Amino acid sequence: MYLYRSYCKRMFDIILTTLAVIVFSPLLFLIAILVQSKLGTPLFFRQQRPGLNGKPFICYKFRTMTDVRNSDGKLLPDAERLTSIGRFLRSTSLDELPELFNVMKGDMSVVGPRPLLMRYLARYTPEQMRRHEVKPGITGWAQVNGRNALTREEKFKLDVWYLDNRSFWLDLKIIALTIWKILKREGITQPGHATAQEFMGCKQIQEI
C-alpha cells in the first residue's frame with residue numbers, strides 16, 4: 001500500500017491519462033469546436049484551485065457558461081448563464097476532460113478529493129482540511145457515493161475516508177463506479193440548484 005501511495009500512483013496516473021488523451025482526442029477536438037461555435041472564446045474555464053497541501057494551481061475545464069452581466073457589471077447567477085450545451089457537458093461530465101492535462105502536469109491525480117475553491121481553505125475544520133493531504137482528483141470516493149446530491153460535510157467525510165483507505169484496488173473501484181455514474185447521470189447537481197452551492201463553513205454551536 002505504501003509503495004502504491006508513494007510511487008506507483010503517479011505512474012498509474014500518467015499511463016491512464018496518456019491513454020485517455022489518445023482515445024478521447026477526437027472528442028476533445030469536437031467539444032472544442034462546439035464550445036467555440038456556441039460560446040466563443042475562451043474555450044476553457046481556468047480557475048485557481050487548492051492542490052496538495054493547499055498549494056494553488058490552475059484547474060482547466062471546458063467552458064459551460066456565458067459572461068452575461070447585469071446593469072451593474074456583475075455576473076448573473078449561474079442558472080442564468082449556464083447554456084444548453086453547458087448543461088449537456090456538465091450532465092455527462094465532459095466539461096472535466098481538460099483536467100486530464102492537470103493530471104499529466106502533476107497538479108492532480110485521477111482519483112482523489114475534488115479540487116474546490118481557494119476561499120474554502122479558511123472555512124474547513126482541521127479534520128476537513130486533511131482532504132488536502134493528497135492531490136485532488138478528477139473523480140473521488142465522494143463522487144461515486146452521491147456527488148452533488150450529498151451535503152458538503154458528507155462529501156468531506158468521504159474525502160477523509162479515502163485519504164485513510166486509499167489503495168490501487170480502491171482507485172480501480174472508484175474509476176469503474178465513476179463510469180457507471182456518468183452513464184446514469186446521477187448526482188450532477190444539488191437539488192434545486194444549477195450548480196453546487198457555496199460552502200460557507202460548519203456552524204459551531206457553543207453552549208454558554
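The shown structure was predicted, so the numbers you read here are calculated from the model rather than taken from an experiment.

S.K.: What am I meant to see in helix 6 (residues 152–165) here?
M.R.: It helps to recall that an α-helix has 3.6 residues per turn; residues three or four apart then point in one direction. Taking 1.5 Å per residue as the helical rise, helix 6 with its 14 residues ought to reach 20 Å, and the 20 Å between its terminal C-alpha atoms agrees with that figure. Each element contacted by the buried residues of helix 6 is listed here: helix 1 (2–39), strand 3 (109–111), helix 5 (126–129) and helix 7 (168–184).

S.K.: Can you walk me through the packing of aromatic side chains in this structure?
M.R.: For any pair of aromatic rings, the description rests on two quantities: the centre-to-centre distance and the angle between the ring planes. Enumeration according to the criterion identifies 10 aromatic pairs in this entry. Geometrically, the ring pair formed by phenylalanine 44 and phenylalanine 62 is stacked, given 5.3 Å between the ring centres and 25° between the ring planes. Placement of the pair is phenylalanine 44 in strand 1 (residues 44–50) and phenylalanine 62 in strand 2 (residues 56–62), with a sequence separation of 18 residues. Relative to tryptophan 169, the ring of phenylalanine 168 lies with its centre 5.1 Å away and its plane at 70°, an arrangement referred to as edge-to-face. Taking relative accessible area as the criterion, phenylalanine 168 reaches 29% and is therefore assigned partly exposed. For tryptophan 169, a relative accessible area of 66% puts it in the exposed group. Counting every residue linked through ring pairs, the aromatic cluster contains Tyr4, Phe12, Phe168 and Trp169.

S.K.: I tried to follow the packing of helix 6 against helix 7 on my own but got confused; where do I start?
M.R.: Packed helix pairs are characterised by how far apart their axes lie and by the angle those axes make with each other. For the pair helix 6 and helix 7, interaxial distance at closest approach is 9 Å and the crossing angle is 140°. The orientation of helix 6 relative to helix 7 falls into the category oblique. Contact residues: helix 6 offers Trp161, Tyr162 and Asn165, while helix 7 offers Leu170, Asp171 and Ile174.

S.K.: Even after reading the chapter, I still don't get the packing of helix 1 against helix 7, so can you show me in this structure?
M.R.: Contact geometry of helix 1 with helix 7 gives a least axis separation of 11 Å together with a crossing angle of 35°. As for how helix 1 packs across helix 7, the hand of that crossing is right-handed. Here Tyr4, Lys9, Phe12 and Leu16 of helix 1 come into contact with helix 7, specifically with Phe168, Asp171, Leu172 and Ile175. Here the residues of the contact of helix 1 with helix 7 are counted per class, giving 6 nonpolar, no polar and 2 charged.

S.K.: What exactly am I supposed to notice about the pairing of strand 2 here?
M.R.: When a strand is regular, its side chains alternate between the sheet's two faces. Pairing analysis gives 7 bridges linking strand 1 to strand 2, with the strands arranged antiparallel. For arginine 49, the partnering residue across the bridge sits in strand 2 and is phenylalanine 57. Linking two consecutive strands that pair antiparallel, namely strand 1 and strand 2, is a turn of 5 residues; a positive phi of about 60° is found at asparagine 53 within it.

S.K.: Help me understand helix 1, please; the structure alone is not making it clear to me.
M.R.: Over its 38 residues, helix 1 runs only 45 Å from end to end, short of the ideal 56 Å by more than 12%, given 1.5 Å per residue. The axis of helix 1 is deflected most strongly, by about 60°, at phenylalanine 24, and proline proline 26 appears within four residues downstream. Residues Tyr4, Lys9, Phe12, Asp13, Thr17, Ala20, Val21, Leu28, Ile31, Ala32, Val35 and Leu39 constitute the buried set of helix 1. In this fold, the buried residues of helix 1 make contact with strand 2, helix 3 (84–91), helix 4 (99–105), strand 3, helix 6 and helix 7. At the C-terminal side of helix 1, glycine 40 shows a positive phi close to 80°.

S.K.: Would you explain the nonpolar core in this entry?
M.R.: Soluble globular proteins tend to bury their nonpolar side chains together. Counting residues in hydrophobic clusters, the biggest one holds 31 residues, and the most contacted among them are Ile31, Phe62, Leu89, Leu97, Trp141 and Ile174. Elements represented by at least two residues in this core include exactly helix 1, strand 2, helix 3, helix 4, strand 3, helix 6 and helix 7. Here the element with the most residues in this core is helix 1; it accounts for 9 residues. Those residues in contact with leucine 97, other than ones at most four positions away along the chain, are Phe24, Leu27, Leu28, Ile31 and Phe62.

Definitions and limits used
- Residues numbered from 1 in each chain as written.
- Predicted model: local features only at pLDDT ≥ 70, side-chain atom pairs only at ≥ 80, totals over all residues.
- Heavy atoms only, no water.
- Helix = DSSP H or I, 4+ residues; strand = E, 2+ residues; numbered from the N terminus.
- Expected span 1.5 Å × (residues − 1).
- Contact = heavy atoms within 4.5 Å.
- Phe/Tyr/Trp six-rings, centres within 6.5 Å; stacked < 30°, edge-to-face > 60°.
- Buried < 20%, exposed > 50% of the residue type's maximum accessible area, 1.4 Å probe, protein only.
- Axes fitted to C-alpha atoms, helices over the stretch in contact; angles between N-to-C directions.
- Parallel < 35°, antiparallel > 145°, perpendicular 65-115°, else oblique.
- Left-handed = near helix turned anticlockwise from the far one by under 90°.
- Nonpolar A, V, L, I, M, F, W, Y, C, P; charged D, E, K, R; others polar.
- Pairing = 2+ DSSP bridges.
- Bend = angle between axes of the 7 residues up to and from the residue.
- Core = buried A, V, L, I, M, F, W, Y, C linked by side-chain atoms within 4.5 Å.

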